[in-house]
Amino acid sequence: MDLQRKLAILADAAKYDASCASSGSQPRDSVGGRGIGSTEGAGICHSYAPDGRCISLLKVLLTNHCQYDCLYCVNRASSNVPRARFRVEEVVQLTLDFYRRNCIEGLFLSSGIVKSPDHTMEQVVEVARALREDHDFRGYIHLKTIPDASDELIARAGRYADRLSINVEMPTTEGLRALAPEKDESAIRRSMARLRLRIDDTREEARRVVPIRALPGAAPAAAKPPPFAPAGQSTQMIVGADATDDRRILASSATLYGAYKLRRVYYSAFSPIPDAARALPLAAPPLMREHRLYQADWLMRFYGFDHQEIVAEPDGLLRLDVDPKLAWALAHADRFPVDLNHAPREMLLRVPGLGVKAVERLLQARRVRRVRADDLRRLHVPARKVLPFVVADRHRPAPGAPVISPEPPRAAQASLF
Amino acid sequence: MQVQVRLDDATDLGAFRRHARQLLAAGVPPERVEWSAAQAAGEAADLFGEAGAATLPAATAAAAPLAVPPWFVELCGDVILHREPQRHALLYRLLWRLAHEPALRHDPLDADLMQARQMAKAVHRDIHKMRAFVRFTRVVGNDGVERHVAWFEPDHHIVEANAPFFARRFAQMRWAILTPERCVEWNGQALAFREGADRREKPPPDGGEQLWLTYYEHIFNPARLKLAAMRREMPRRYWHNLPEAALIQPLADAAEARSQSMIEAPPTAARRIRAPIPLHLRPPEGAAPADLGELRAAAHACRACPIGALATQAVCGEGLIAPQHMLVGEQPGDQEDLVGRPFVGPAGQLLDRTMAQLGWARETVYLANAVKHFKYELRGKRRIHKTAGQREAEACAHWLESEISLVRPQGLVALGATAARALLGRPVAVQAERGAWLHERGDGRPVFVTLHPSALLRLPDAERAEALGRWRAELALARDTLPAAIAA
Ligand code: SF4
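Rules and cut-offs
Residues numbered from 1 in each chain as written. Chains lettered and ligands numbered in written order. Predicted model: local features only at pLDDT ≥ 70, side-chain atom pairs only at ≥ 80, totals over all residues. Heavy atoms only, no water. Helix = DSSP H or I, 4+ residues; strand = E, 2+ residues; numbered from the N terminus. Buried < 20%, exposed > 50% of the residue type's maximum accessible area, 1.4 Å probe, protein only. Contact = heavy atoms within 4.5 Å. Areas by Shrake-Rupley, 256 points an atom, 1.4 Å probe, with all protein chains shown as cover. Rg over C-alpha atoms; globule rule 2.2 N^0.38 Å. pLDDT = per-residue confidence, 0-100. Pairing = 2+ DSSP bridges. Axes fitted to C-alpha atoms, helices over the stretch in contact; angles between N-to-C directions. Near = heavy atom within 4 Å. 1 Å grid on protein atoms, 1.4 Å probe; cavity = no way out; pocket = protein on both sides within 12 Å on 5 of 7 lines; lining within 4 Å. Sits in = over half its atoms within 2 Å of the grid points. Nonpolar A, V, L, I, M, F, W, Y, C, P; charged D, E, K, R; others polar. Points joined across faces, edges and corners; volume = space filled by probe spheres on them. Parallel < 35°, antiparallel > 145°, perpendicular 65-115°, else oblique. Buried area = accessible area lost by both parts, 1.4 Å probe. Salt bridge = Lys/Arg side-chain N within 4 Å of Asp/Glu carboxyl O. Polar contact = N/O pair within 3.5 Å; in protein donor to acceptor, adjacent residues only side chain to side chain. Patch = residues over 30% accessible without salt bridge, like charges linked within 9 Å, V, L, I, M, F, W, Y side chains within 5 Å. Left-handed = near helix turned anticlockwise from the far one by under 90°. Core = buried A, V, L, I, M, F, W, Y, C linked by side-chain atoms within 4.5 Å.

## Some details on the overall build of chain B
- A count of helical and extended segments in chain B gives 18 helices and 15 strands.
- Each of the 488 residues in chain B was classed as buried or not, and the buried ones make up 48%.
- The long-range fraction of contacts in chain B, counting pairs at least 24 apart against all pairs at least 6 apart in sequence, stands at 69%.
- A total of about 23100 Å² of accessible surface is found on chain B, and carbon and sulfur atoms cover 53% of it.

## Describing the overall build of chain A
- On a plain count of helices and strands, chain A comes out with 14 helices and ten strands.
- A compact globule built from 417 residues would reach a C-alpha radius of gyration of about 22 Å, and chain A, at 24 Å, matches this within 12%.
- Taken along the three principal axes of its C-alpha coordinates, chain A extends 70 × 70 × 40 Å.
- Considering chain A as a whole, with its 417 residues, one finds that 62% of them fall into the buried category.

## Let's talk about the confidence of the model for chain B
Residue and element names in this part refer to chain B.
- For chain B, per-residue confidence averages 89 on the pLDDT scale, and residues scoring 70 or more make up 90% of the total.
- Below a pLDDT of 50 lies the segment residues 40-55, which in the model reaches 24 contacts outside its immediate sequence neighbourhood of four places, other chains included.
- Across the interfaces of the predicted complex, the ipTM metric reaches 0.89, alongside a pTM of 0.88.

## Some thoughts on the sheet that holds strand S9 (residues 325-329) of chain B
Residue and element names in this part refer to chain B.
- The six strands are arranged S8-S10-S9-S13-S15-S14 in an open sheet whose pairing can be described as mixed. Two strands in the sheet have a free side with no partner beyond their single neighbour: strand S8 (318-319) and strand S14 (437-438).
- Examined bridge by bridge, S9 and strand S13 (residues 411-415) share four bridges and lie parallel to one another. Its bridge partner lying in S13, Met 326 is registered against Leu 412.
- Here helix H18 (residues 461-480) sits on the sheet in contact with S9, S13, S14 and strand S15 (447-450), set at roughly 175° to S15.

## So, the site of the ligand
All names here are of chain B.
- The environment of the ligand is formed by Cys 302, Ala 304, Cys 305, Gly 308, Val 371, Lys 372, His 373, Ala 395, Cys 396 and Trp 399.
- Judged by the fraction of its atoms near the pocket grid, the ligand is located in the second largest cavity.
- Considered class by class, the residues forming the shell around the ligand number seven nonpolar, two polar and one charged.

## Observations regarding empty space enclosed by the protein
Residue and element names in this part refer to chain A.
- Overall, the coordinates contain five cavities of 30 Å³ or more when judged by the stated rule.
- Roughly 670 Å³ of internal volume is contained in the largest cavity.
- If you go around the largest cavity, you meet 40 residues; those closest to its centre are Cys 73, Ser 110, Asn 167, Glu 169 and Lys 183.
- Sorting the residues of the lining of the largest cavity by element identifies strand S3 (57-61), strand S4 (106-110), helix H6 (185-208), strand S7 (233-239) and strand S8 (264-269) as the ones contributing at least two each.
- By residue number, the principal contributor to the lining of the largest cavity is S3, which donates three residues.
- The space that makes up the second largest cavity amounts to roughly 100 Å³.

## Topic: the packing of helix H3 (residues 70-79) of chain B against helix H4 (residues 87-100) of chain B
Residues and elements named next belong to chain B.
- Between H3 and H4, whose axes approach to 10 Å, the crossing angle comes to 170°. By the angle class used here, H3 and H4 are roughly antiparallel. Contact residues: Phe 72, Cys 76 and Val 79 in H3; Arg 87, Leu 91, Leu 94, Leu 95 and Leu 98 in H4.
- Split by residue class, the contact of H3 with H4 holds seven nonpolar, no polar and one charged.

## Points about the confidence of the model for chain A
Residue and element names in this part refer to chain A.
- Predicted confidence across chain A gives a mean pLDDT of 88, with 92% of residues reaching 70 or more.
- At the level of individual helices and strands, chain A shows its lowest average pLDDT in helix H13 (residues 375-378), which scores 82, and its highest in helix H2 (residues 88-100), which scores 97.
- Every residue in residues 405-417 scores below 50 in pLDDT, and together they form 28 contacts with partners more than four places removed in sequence or on other chains.

## Some points on the sheet that holds S4 of chain A
All names here are of chain A.
- Spatially, the six strands line up as an open sheet ordered S3-S4-S5-S6-S7-S8, and their pairing is parallel. Edge positions in the sheet fall to S3 and S8, since each has one partner strand and no second. When strand polarity is set aside, the average angle formed by the axes of neighbouring strands in this sheet is 20°.
- Bridge count for S7 against S8 is six bridges, and the pairing is parallel.

## So, the pairing of strand S12 (residues 382-385) of chain B
Residue and element names in this part refer to chain B.
- In terms of strand pairing, strand S11 (residues 376-379) meets S12 through four bridges, oriented antiparallel. Residue Arg 379 lies in a different strand from S12, and its bridge partner there is Arg 382.
- Hairpin remark: S11 followed by S12, antiparallel, with two residues in the connecting loop; positive phi at Gly 380, about 60°.

## A closer look at the interface of chain B and chain A
- In this assembly, 86 residues from chain B lie in contact with 103 residues from chain A.
- Considering only the side of chain B, the residues that lose the most area to chain A are Leu 109, Arg 169 and Arg 224 of chain B, jointly responsible for 11% of the buried surface there.
- Summed over the shared surface of chain B and chain A, the number is six salt bridges.
- The tally of links between chain B and chain A comes to 35 residue pairs in polar contact (both at pLDDT 80 or more).
- A per-class count over the side of chain B that touches chain A returns 47 nonpolar, 16 polar and 23 charged.

## Structural notes on the side chain of Arg 169 of chain B
- Looking at where Arg 169 of chain B falls in the secondary structure, it is placed in helix H6 (residues 159-169).
- Given a relative accessible area of 1%, Arg 169 of chain B falls into the buried group.
- The contact partners of Arg 169 of chain B, leaving out residues within four places of it in the chain, are Ser 30, Ile 36, Gly 37, Ser 38, Ile 44, His 46, Tyr 99, Asn 102 and Glu 105 of chain A.

## Structural notes on a nonpolar patch on the surface
Residue and element names in this part refer to chain A.
- Judged by side-chain polarity, Trp 298, Phe 302 and Val 356 come together as a nonpolar surface patch covering roughly 280 Å² of accessible area.
- Mapped onto the elements, Val 356 comes out in helix H12 (residues 356-368).
- Using a relative accessible area of 31% as the deciding quantity, one classes Val 356 as partly exposed.

## Concerning the pattern of salt bridges
Residues and elements named next belong to chain B.
- Counted by the stated rule, this structure contains 65 salt bridges over all chains.
- Residue Arg 138 is joined to Glu 146 by a salt bridge in which the shortest nitrogen-to-oxygen separation is 2.6 Å.
- Under the relative-accessibility criterion, Arg 138 is labelled partly exposed at 42%.
- Close ionic contact of Glu 403 with Lys 372 constitutes a salt bridge, the shortest N to O distance being 2.6 Å. Pair noted here: Glu 403 is in helix H14 (residues 390-407) and Lys 372 is in the loop between strand S10 (366-369) and S11, with a separation of 31 residues, a long-range link. No difference in accessibility class separates Glu 403 from Lys 372, as the two residues are buried.

## Some details on the side chain of Ser 47 of chain A
- Mapping Ser 47 of chain A onto the fold places it in strand S1 (residues 47-48).
- Only 2.7 Å separates the side chain of Ser 47 of chain A from the side chain of Glu 244 of chain B, close enough to count as a polar contact.
- Aside from chain neighbours lying at most four places away, what touches Ser 47 of chain A is Arg 53, Cys 54 and Ile 55 of chain A together with Phe 133, Arg 135, Trp 212, Tyr 216, Met 234 and Glu 244 of chain B.

## Some words on the packing of helix H7 (residues 246-260) of chain A against helix H8 (residues 287-302) of chain A
Residues and elements named next belong to chain A.
- Axis separation between H7 and H8 bottoms out at 11 Å; the angle between their running directions is 40°. Here H7 is positioned oblique relative to H8, judged by the angle of their axes. The two elements H7 and H8 meet at a crossing, and its hand is right-handed. Of the residues in H8, those in contact with Asp 246, Ile 249, Leu 250, Ser 253, Ala 254 and Tyr 257 of H7 are Arg 289, Leu 293, Ala 296, Asp 297, Met 300 and Arg 301.

## Quick notes on unusual backbone geometry
- With an omega of 0°, the peptide bond between Phe 336 of chain A and Pro 337 of chain A qualifies as cis.
- Inspection of the secondary structure assignment puts Pro 337 of chain A in the loop between helix H10 (324-331) and strand S9 (338-339).
- Positive phi, normally seen in glycine, also occurs at Glu 169 of chain A, with a value near 65°.
- Locating Glu 169 of chain A in the fold gives a position in the loop between strand S6 (163-165) and helix H5 (173-179).
- Judged by its relative accessible area of 11%, Glu 169 of chain A falls in the buried class.
- In the Ramachandran plot, Ala 322 of chain B falls in the positive-phi region, its phi being about 55° despite a non-glycine side chain.
- Within the element layout of this structure, Ala 322 of chain B appears in the loop between S8 and S9.

## Section: the nonpolar core
- Tyr 72, Phe 98 and Leu 354 of chain A together with Tyr 92, Trp 175 and Tyr 215 of chain B are the most contacted members of the largest nonpolar core, which has 203 residues in total.
- For Phe 98 of chain A, the residues in contact, after removing those within four places along its chain, are Leu 7, Leu 58, Cys 103 and Ile 104 of chain A together with Leu 211, Trp 212 and Tyr 215 of chain B.
- By size, the runner-up hydrophobic cluster in this structure holds 41 residues, among which are Val 447, Phe 448, Leu 451 and Leu 482 of chain B.

Spelled out as structure tokens, the structure:
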């Protein structure tokens, strides 16, 4: 099979994984090296597909042969899609070529499971090893680890990769049992715990290293431990393939963040796949629901919201018509209006339309003068959204509950069970 | 009287600062300054225009240089790269106001400052988009040397500021970026700049480009078409220089039909083509585990109480088989849950230290917990230990009993109330019953009750030393007074 065809098949097989970020690693470049590549903290989206998603990494599978039969997955053993397998050197050359064109920040490599977890993981690690050691590639590498691969392979993976991930796929144990009976949720969690411990240990060690004072003129002897997945670990949950509601999805995420210090949980609206299994009546992917989950996730990570307070609706689903912060504010009208000149930071962060940066600026301005309503315009925040919820000099919202959208019709959430 | 200042290079921050400092020292207010820049490189440029030179007031003697906050210098560095011709005037006005309005530096909502920040933001975005959307094409020159050449059209004067980024990234590659205003070339050693190029110098696509187009075509999921979101991040004006952009329309046109056909296609029946991989040995449902490996695997999957679903793994015991003593604690904590071994957290370390003081090697006992999964409450991003309830402990009891019969210890040491209750099958008042062997178990194994090490960690410092002494003495007693031979 020629390379074009393989690439087509193995990119097709990888496009359902939502992770794409290439940020948060240690800064480095290729000056003085033998190869190319750099990471400078923030990742770069080099292109966008017509689905609005960014392309920052060459995201492919090493092979889409898989011995598992997870029903939601296009690569499951019982699916009739065409199969292909890259040779290690082919992925390496593709990565280098796309990188030289400046089309990508690096590689995101995943694989169907063939023969055994260790056999599969070994191939995946070999690609990363060849890139790093044979070609001195300094760009970003994200590897999907296989749960239950041996400790030694995981250790090597973390040495070459910037980020490691393991997908939990289903937000609940029951969901996983129903759709991926061969996968072991407990094994997935054990692997995440193992990654977290290694990441923690490496950081801890790096902090403890005291730079050794070298003799004048001698090169400084830095005894830093080799890095282990400096950009941390992440995971993905498929949304809408089973009946789990948003409240439980967010609870699962909160647990994962708390237990394993994940950098990100990605939510992937389940979308139709070719040759789908009978158990999954297909529909258009619940994209708006996915979007709301990302917003809710953001509230947990950056706005001090607890996962239990985000979904107010009795059916356990996020409102689709308004964003979760606005929904929270509408459901807690008694906490508003908030006085821009006096409210504490935590409460300002709960005002719909005020972002973290805007809140910082307000707090800063407040120290030297009074805040007026027309300051909001210059803060570039959506004043129409903010004003009903705040009091400022020369502004007080109309008495009574804030009126934004008097119970708009709710779009039906797609549910497949 | 107007003062005219002509800049040799409109983006030279150093020159601008020199002029601005001088004007400020001379007390020239911003509304009296007209800034202009030389149009093309090489055009004669005077420090001050004739009109200005004649009228520039002399600097007031010994004017102290103005101290500005570091962020202002940084802001100037960004804004000066903006294509807006009025940017120098804006920056000088800000400098003037910083000198005369002390409150300005603390007011992030000031209109001039906000405008400058917006301009800096636009420059940053342009720098970022250039890093994203420059596309190199491989070109082999007549000399046989391989180079990577790109054509790009930035919005602002960012080529020089952005070039070092590409040099750091592509250090071992010879490359050039051509733009209408300024070109930059890297020969592997140094950056060289020259004036702008013509669009016709853009290199034609090389042979490998088709692979990139294939990738772009296949990483797109037709069921998720979202053109507006795409255009927001990759505005149309960049498209004519991005090879993949030619695919956008055809992909979008076909998307609806493609995803509809996936939805309508008759689903296939699940059909096994390979045997599943047995990853985890697990005893048949309901059967008692035959060895500790099976016990562990089965307990991992246990969901007899709600704790199991939230923890990482069941933490079974470890240590010597058929030991004299089996020490039983309450339940794994945060560390134990992650590591998968009992007594590795702070409480376990205290137990280790105390046993070491007694010359009692950890390897000569078996250490286990009454409840196998970690119970906690999420507080923010932290997991806070919670004591397992009675119902949970009861649901879990059979795992401990299986473990006891597989490990076959002579005596059992209960650390804390939860362990004591699990081993004796009744509520135990630890303070009242600690320090002696109790003979109540059906299997004849005596149980010695004492504190859990975490209880000692919770004590105030003043009380801890004494309590520790008593605890250590009790452990020694348990070790030394174990009644001989029970029916195993
Ligand atoms: S704590 Fe015990 S009973 Fe509860 S799930 Fe875990 S092993 Fe089962």
